[in-house]
Amino acid sequence: MNQKNSLGIDLCFKDLDNPMNLFREWFNEAKKTEINDPNALALATVGKNGIPSVRMVLLKDFNEKGFVFYTNLNSRKSTEIKSNPNASMCFHWKSLLRQVRIIGKLSKVLDADADNYYNSRSYGSRIGAWASNQSSLLKSRDELLNSIEEFKKKYPNEKDVPRPKHWSGWNLIPVEIEFWLDGKDRIHERLYYCKKANGEWEKNLLSP
Ligand SMILES: Cc1cc2nc3c(=O)[nH]c(=O)nc-3n(C[C@H](O)[C@H](O)[C@H](O)COP(=O)(O)O)c2cc1C
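The structure contained in this document is the topic of the report that follows. (Residues numbered from 1 in each chain as written. Predicted model: local features only at pLDDT ≥ 70, side-chain atom pairs only at ≥ 80, totals over all residues. Heavy atoms only, no water.)

**Some details on the pairing of strand S9 (residues 201-206)**
Each regular strand shows side chains that alternate between the opposite faces of the sheet.
Next, step 1: Relative to S9, strand S8 (residues 189-195) runs antiparallel, the two sharing six bridges. Among the inter-strand pairings, Lys-195 is bridged to a residue of S9, identified as Trp-201.
Next, step 2: In sequence, S8 turns back onto S9 through a hairpin of five residues, with Gly-199 there showing a positive phi of about 90°. (Pairing = 2+ DSSP bridges. Helix = DSSP H or I, 4+ residues; strand = E, 2+ residues; numbered from the N terminus.)

**A word on the nonpolar core**
Next, step 1: One finds Phe-23, Phe-67, Trp-93, Val-100, Ile-102 and Phe-179 to be the most contacted residues of the largest nonpolar core, which totals 34 residues.
Next, step 2: Among the elements that line this core, the one with the most residues is helix H1 (residues 19-33), at six residues.
Next, step 3: Once you skip the residues sitting within four places of it in the chain, Val-100 turns out to touch Phe-23, Trp-26, Met-89, Cys-90, Phe-91, Trp-93, Ile-177, Glu-178 and Phe-179.
Next, step 4: Counting residues in each nonpolar core, the second largest holds 15 residues, with Val-68, Ala-114, Tyr-155 and Val-161 among its members. (Core = buried A, V, L, I, M, F, W, Y, C linked by side-chain atoms within 4.5 Å. Buried < 20%, exposed > 50% of the residue type's maximum accessible area, 1.4 Å probe, protein only. Contact = heavy atoms within 4.5 Å.)

**Things to note about the packing of helix H4 (residues 123-131) against helix H5 (residues 141-154)**
Packed helices, taken two at a time, are described by the angle between their axes plus the distance between the axes.
Next, step 1: Two elements in contact, H4 and H5, have axes separated by 9 Å at closest approach and are oriented at 115°. Here H4 lies roughly perpendicular to H5, going by the angle between them. The crossing of H4 and H5 is right-handed. Facing H4, whose interface residues are Tyr-123, Ile-127, Trp-130 and Ala-131, H5 presents Leu-144, Ser-147, Ile-148, Phe-151 and Lys-152. (Axes fitted to C-alpha atoms, helices over the stretch in contact; angles between N-to-C directions. Parallel < 35°, antiparallel > 145°, perpendicular 65-115°, else oblique. Left-handed = near helix turned anticlockwise from the far one by under 90°.)

**Describing helix H3 (residues 111-120)**
Next, step 1: Buried within H3 are the following residues: Ala-114, Tyr-117 and Tyr-118. In a view along the axis of H3, the buried residues occupy a sector of 100°, so they form one face of it. Of the exposed residues in H3, the ones pointing more than 90 degrees away from its buried face are Asn-116 and Ser-120.
Next, step 2: In this fold, the buried residues of H3 make contact with strand S4 (66-72), H4 and strand S7 (167-181). (Arc of directions from axis to C-beta.)

**Describing the site of the ligand**
Next, step 1: The local shell around the ligand consists of Arg-55, Met-56, Val-57, Leu-58, Tyr-70, Thr-71, Ser-75, Arg-76, Lys-77, Gln-134 and Ser-135.
Next, step 2: In this structure, an oxygen atom belonging to the ligand sits 2.6 Å away from a side-chain N or O atom of Lys-77.
Next, step 3: At 2.6 Å, a side-chain N or O of Ser-135 approaches an oxygen atom of the ligand.
Next, step 4: When the ligand sits alone it has 620 Å² of accessible area, and the protein chains cover 63% of it.
Next, step 5: Only strand S2 (52-58), S4 and helix H2 (76-83) provide two or more residues apiece to the shell around the ligand.
Next, step 6: Examining the composition of the shell around the ligand, we find that four residues originate from one element, S2, more than from any other. (Near = heavy atom within 4 Å. Polar contact = N/O pair within 3.5 Å; in protein donor to acceptor, adjacent residues only side chain to side chain. Areas by Shrake-Rupley, 256 points an atom, 1.4 Å probe, with all protein chains shown as cover.)

**Points about the environment of Glu-158**
Next, step 1: With respect to the helices, strands and loops of the structure, Glu-158 is situated in the loop between H5 and S7.
Next, step 2: A relative accessible area of 47% means that Glu-158 is categorised as partly exposed.
Next, step 3: Sequence separation between Glu-158 and Ser-122 is 36 residues; the distance between their C-alpha atoms is 8.7 Å.
Next, step 4: Ignoring any residue separated from it by four or fewer positions in sequence, one finds Glu-158 in contact with Tyr-123 and Arg-126.

**Thoughts on unusual backbone geometry**
Next, step 1: For the bond from Asn-36 to Asp-37, the omega torsion is -5°, close enough to zero to count as cis.
Next, step 2: The backbone of Leu-97 shows a phi angle near 55°, a positive value even though the residue is not glycine.
Next, step 3: Look at Arg-186: it is not a glycine, yet its phi comes out positive at around 65°.
Next, step 4: Inspection of the secondary structure assignment puts Arg-186 in the loop between S7 and S8.
Next, step 5: A residue is classified by how much of its surface remains accessible, and Arg-186, at 64% relative accessible area, is exposed.

Encoded structure:
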């Protein structure tokens, strides 16, 4: 733990110019140590009234373009994103005592990508995407269970359940990423990357 990189912080921060590469390294470590789920993240969005709301989602794709999760496009989160695409993500890997915060703008993934991921899901999950009007009020649990039965009748062939138009993914293109590591006596270590106007990343240490 005494080993430090050129910024004087723990070696686990590496010395990388691109935070996406550092995220990949930390995420791969979390996959080995976090029971469930290393890909769980808190997603904060903001409603038209300026009030934030936060909930957990699962990271389903991560690449140079950004951070992708899937959901219902009529849900509360999607409704908020459509009126304000700015959002914030936060990963907390308890097993590693690490946090990653990401800020950026969300845009919808390509239909072909959403189809690919949707088709990889279980039959029950695909039917659920049809049956659940996510975030809308339910009169009773039976209303949902009946809807599931109806869609099973409509799509009995497990290999042929089309993706609902109201179900897709959002991709967050980051402009800020902060890596946080727990330190003794709360003297934590924070490495903050911010995207400059020319598209390059600038990195700085932040006081804990
Ligand atoms: C660990 C965890 C992972 C979740 N992953 C997702 C997800 O990937 N997509 C999703 O729509 N909801 C997911 N949920 C449910 C959401 O937290 C939330 O209840 C739901 O999306 C409705 O949110 P909204 O009303 O703000 O739109 C997850 C919940 C937990 C606890």
